[in-house]
Amino acid sequence: MIAGRIFQRFFHSTRSSFTTNNKSLLATLRQKTGYTFSNCKKALELHNYDLSKAEDWLQSQAKAEGWAKIGKLKGRAANEGLIALINNNNLATMVEVNCETDFVARNDNFQSMIAAVAQATLGYATDKGMYGHEFCKIILAKPDLSNLKTIDGEHTLADLIAWHVNLLGENIALKRAVCWCVRDEMQISGYIHPPFLHKTGVLMGKFGSLVCYRKLPEPALTVDVTLNDVGSMLAKQIVGMNPESIGNKEEDKPSEDEDSETKLIFQPMITDTDQIVGEFLDQNGVQVIDYIRFHCGESL
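Each value, and the rule that gives it
- Residues numbered from 1 in each chain as written.
- Predicted model: local features only at pLDDT ≥ 70, side-chain atom pairs only at ≥ 80, totals over all residues.
- Heavy atoms only, no water.
- UniProt positions renumbered as here; feature names shortened; annotations may be inferred.
- Axes fitted to C-alpha atoms, helices over the stretch in contact; angles between N-to-C directions.
- Helix = DSSP H or I, 4+ residues; strand = E, 2+ residues; numbered from the N terminus.
- Parallel < 35°, antiparallel > 145°, perpendicular 65-115°, else oblique.
- Contact = heavy atoms within 4.5 Å.
- Nonpolar A, V, L, I, M, F, W, Y, C, P; charged D, E, K, R; others polar.
- Pairing = 2+ DSSP bridges.
- Salt bridge = Lys/Arg side-chain N within 4 Å of Asp/Glu carboxyl O.
- Buried < 20%, exposed > 50% of the residue type's maximum accessible area, 1.4 Å probe, protein only.
- 1 Å grid on protein atoms, 1.4 Å probe; cavity = no way out; pocket = protein on both sides within 12 Å on 5 of 7 lines; lining within 4 Å.
- Points joined across faces, edges and corners; volume = space filled by probe spheres on them.
- Arc of directions from axis to C-beta.
- pLDDT = per-residue confidence, 0-100.

You'll find the protein entered in an unreviewed UniProt entry as Elongation factor Ts, mitochondrial, with Strigamia maritima given as the organism. Database annotation for the protein, UniProt heading Subcellular location (unreviewed entry): "Mitochondrion". The record held by UniProt for the protein lists under Function (unreviewed entry) the comment "Associates with the EF-Tu.GDP complex and induces the exchange of GDP to GTP. It remains bound to the aminoacyl-tRNA.EF-Tu.GTP complex up to the GTP hydrolysis stage on the ribosome."

(A) A look at the packing of helix α5 (residues 108-127) against helix α7 (residues 157-168). Close contact between α5 and α7 brings their axes to 11 Å; oriented N to C, the two are set at 175 degrees. Judged on the interaxial angle alone, α7 and α5 are roughly antiparallel. Two secondary-structure elements touch here, α5 through Asn109, Phe110, Met113, Ala116, Val117 and Ala120 and α7 through Leu157, Leu160, Ile161, His164, Leu167 and Leu168. Split into classes, the residues belonging to the contact of α5 with α7 amount to 10 nonpolar, 2 polar and no charged.

(B) Inspection of the sheet that holds strand β7 (residues 203-205) at higher detail. Judged by pairing direction, the sheet is antiparallel, and its 6 strands sit side by side in the order β3-β4-β2-β1-β7-β6 without closing on themselves. Of all strands in the sheet, those with a lone pairing partner are β3 (135-141) and β6 (196-197), marking the two edges. Sheet topology note: the strand β2 (residues 91-99)/strand β4 (residues 173-182) ladder contains 8 bridges and is antiparallel. If you follow Val97 over to β4, its bridge partner there is Leu174. Docked against the sheet, α5 engages β1 (80-87), β2, β3, β4, β6 and β7, running at close to 145 degrees with respect to β2.

(C) A look at the pattern of salt bridges. Counted according to the given criterion, the structure contains 12 salt bridges. The partner of Arg76 in a salt bridge is Glu100, with the nearest N and O atoms 3.1 Å apart. One end of the pair, Arg76, is in the loop between α3 (51-73) and β1; the other, Glu100, is in the loop between β2 and α4 (102-105), and 24 residues separate them in sequence. Taking relative accessible area as the criterion, Arg76 reaches 38% and is therefore assigned partly exposed. For Glu96, the salt bridge is made with Arg176, and the minimal N-O distance between the two is 2.7 Å.

(D) Expanded view of the sheet that holds strand β5 (residues 186-193). Spatial ordering of the open sheet is given by β5-β8-β9, a layout of 3 strands whose pairing is antiparallel. A single partner strand is all that each edge strand has here, and the edge strands are β5 and β9 (286-295). Neighbouring strand axes in the sheet, compared pairwise and without regard to direction, differ in orientation by 15 degrees on average. Across the sheet, helix α8 (residues 227-241) is in contact with β5, β8 (207-215) and β9; its angle to β8 comes to roughly 140 degrees.

(E) Here's a closer look at the layout of surface pockets. There is about 330 Å³ of room inside the second largest pocket. Along the walls of the second largest pocket sit 18 residues, with Gly247, Lys249, Ile265, Leu281 and Asp282 positioned nearest its centre. Only α9 (277-284) and β9 provide two or more residues apiece to the lining of the second largest pocket. When residues in the lining of the second largest pocket are grouped by element, the largest group, 4 residues, is from α9.

(F) α9, seen in detail. When α9 is considered as a whole, its buried residues turn out to be Val277, Gly278, Phe280, Leu281 and Asn284. For α9, the buried positions fall inside an angular range of 160 degrees around the axis, keeping them on one side. Where the residues of α9 are buried, they touch β8, α8 and β9. Backbone geometry just after α9 places Gly285 at a positive phi near 60 degrees.

(G) Fine view of the environment of Gly129. Take Gly129: it is sitting in the loop between α5 and β3. Given a relative accessible area of 37%, Gly129 falls into the partly exposed group. With 52 residues separating them along the chain, Gly129 and Cys181 place their C-alpha atoms 9.5 Å apart.

(H) Seen up close, the confidence of the model for the protein. Mean pLDDT over the protein stands at 87; residues scoring 70 or higher make up 88%. The spread of mean pLDDT over the elements of the protein runs between helix α1 (residues 2-33), the lowest at 60, and β7, the highest at 98. In this model, residues 10-18 is a region of pLDDT below 50 whose contacts with residues beyond four sequence positions or in other chains number 0 contacts.

Right under this line is the structure:
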């Protein structure tokens, strides 16, 4: 009788421990993958609660189902999404990934995905050996982006999109990316608006810009202004005022209406409307080489 009670207590204790462990594995799998309770439970049960095998199975299922969903959803408009930017001063990338709703754009799974896209394009630029050029630019459209590998080298960005289509239930589209690289005499600054720093260290928002510039021998920078400060102000100017070209003060003339000015050097500074950009550049001995501006959802 006593032996029977001891066995019952042992059995229930072991069962309770086993159930607790299973719940812990289930919670871990859901946190890692973002998939539903039922899918994660099924994956663990099919693979005898082996977390690694369950995760691999979920990803393979998501890829297959995601490709099927892409076919059904690809006709739906995807004009929301995010711009993501990574800038290392002499190597930078800016990407745009679209979705259908702002609700999904605010989802952490979507944001982690676009961070992975930005990291992949930066890795691609590094592998291409862009550092050997004075100023090198690569423009990547959707077909180019789709074939890029993720940083771990295990999947393509097209696979990554398929998984997230299945996970989030919306049409998701790789739209475009740029990679810039400059030598030490030049510098790159970037700006995102409204700025949001994701946990991966990637900046994200609805507008983005990159500007390439160099410091001329004369004059010296204004007191309390660094070259990075100049670049930051220029990048904000480009996002805020959306110039159509840099402009040339020897060949171009400013618009009679400064509010409709399309040339960067003739636009009023957004940080000091009493000064135009060209005057600010001359004052600090800085030359703008090139710039690019992204607005999420804009027609190309």
